[in-house]
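Breakdown of the fold
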Amino acid sequence: VKARALIYAQLSRLDLPPNTLFKDKNTIVKKCPFLLNEIINSATNVIGLVNSKYLPRHLMPRLEAIENAMKLSPMIVQACWNKNKSNLLQLPHINESHLRYFNTKKKNVTNIRQFIAMDNEDRRSTLRYLSDEQYEDILRVCRSYPYIEMEAKVKSKLFLF
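So, a few notes on the structure that sits alongside this text.

1. Structural notes on the packing of helix α1 (residues 2-12) against helix α3 (residues 63-78)
Between two packed helices, both the angle of their axes relative to each other and the distance between the axes serve to describe the pair. In contact at an axis separation of 8 Å, α1 and α3 are set at 65 degrees when each is read in the N-to-C sense. The orientation of α1 with respect to α3, classified from their angle, is roughly perpendicular. Classified by chirality, the crossing of α3 by α1 is left-handed. Judged by residue contacts, I7, Q10 and L11 of α1 engage L72, M75 and I76 from α3. Taken together, the residues that form the contact of α1 with α3 break down as five nonpolar, one polar and no charged.

2. Points about a nonpolar patch on the surface
On the surface, Y8, L14 and W81 cluster together into a nonpolar patch covering about 310 Å² of accessible area. Tracing the chain through its elements places L14 in the loop between α1 and α2 (21-51). On the basis of relative accessibility, which here comes to 43%, the residue L14 falls in the partly exposed class.

3. Describing the packing of aromatic side chains
Going through the model one piece at a time under the given rule, you end up with three aromatic pairs. Ring centres of Y101 and Y129 lie 4.7 Å apart, and the angle between their planes is 25 degrees; this geometry places the pair in the stacked category. Of this pair, Y101 sits in the loop between α3 and α4 (112-117) while Y129 sits in the loop between α5 (120-126) and α6 (132-143), placing them 28 residues apart in sequence. By relative accessible area, which is 26% here, Y129 ends up partly exposed. For the cation-ring pair, R123 lies above F115, with the distance from its terminal atom to the ring centre recorded as 5.9 Å. It is R124 that lies over the ring of Y135; its NZ or CZ is 4.5 Å from the centre.

4. Focus on unusual backbone geometry
Across residues other than glycine, the phi torsion is negative in most instances, and most of the peptide bonds are trans. Of note in the backbone geometry, R13 takes a positive phi value of approximately 55 degrees without being a glycine. Position of R13 among the secondary structure elements: in the loop between α1 and α2. Judged by relative accessible area, which is 28%, R13 ranks as partly exposed. The backbone of H93 shows a phi angle near 70 degrees, a positive value even though the residue is not glycine. Structurally, H93 is set in the loop between α3 and α4.

5. Let's talk about the side chain of K25
Looking at the element boundaries, K25 is found in helix α2. For the buried K25, which has no salt bridge, the nearest side chain bearing the opposite charge is D15, at an N-O separation of 7.6 Å. Not counting the four nearest positions on each side in its chain, K25 is found in contact with L6, A9, Q10 and L16.

Definitions and cut-offs
Residues numbered from 1 in each chain as written. Predicted model: local features only at pLDDT ≥ 70, side-chain atom pairs only at ≥ 80, totals over all residues. Heavy atoms only, no water. Axes fitted to C-alpha atoms, helices over the stretch in contact; angles between N-to-C directions. Helix = DSSP H or I, 4+ residues; strand = E, 2+ residues; numbered from the N terminus. Parallel < 35°, antiparallel > 145°, perpendicular 65-115°, else oblique. Left-handed = near helix turned anticlockwise from the far one by under 90°. Contact = heavy atoms within 4.5 Å. Nonpolar A, V, L, I, M, F, W, Y, C, P; charged D, E, K, R; others polar. Patch = residues over 30% accessible without salt bridge, like charges linked within 9 Å, V, L, I, M, F, W, Y side chains within 5 Å. Areas by Shrake-Rupley, 256 points an atom, 1.4 Å probe, with all protein chains shown as cover. Salt bridge = Lys/Arg side-chain N within 4 Å of Asp/Glu carboxyl O. Buried < 20%, exposed > 50% of the residue type's maximum accessible area, 1.4 Å probe, protein only. Phe/Tyr/Trp six-rings, centres within 6.5 Å; stacked < 30°, edge-to-face > 60°. Lys NZ or Arg CZ within 6 Å of the ring centre and 35° of its normal. Lys, Arg positive; Asp, Glu negative; His and termini not counted.

Put into structure tokens, the structure is as follows:
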């Protein structure tokens, strides 16, 4: 029950007492990705055993259970629920009450990529309510944010037999 409550606190970004529950939460959160990965691996192994007739069909894990474990992993790491209003909530020290600073008459920042593209002066003025240390935390995360471009092409070949 305590582990479940601490995971809930992580996803909700609740402030916890630093010397007690915060340490416990960090211990749980550090182990969660490994545990979830092992749950997914075990489920796929069981599926393989059921398909090869070594285990009865009623022991087959449900697809929803595996899918939920896969969805929970990034939620734990990013400390946010799956159905957030904005992906800006993935940034440290940003919560739902801060989203109003990203949408003004001058600017409408709706995602992290747009936030990164802002010039430094606008970015700092948007986050003026944060301390310098908190602002540096956000910049550190932004510098490590991946930028991936993909291009998909569909090619078809006609085979005549």
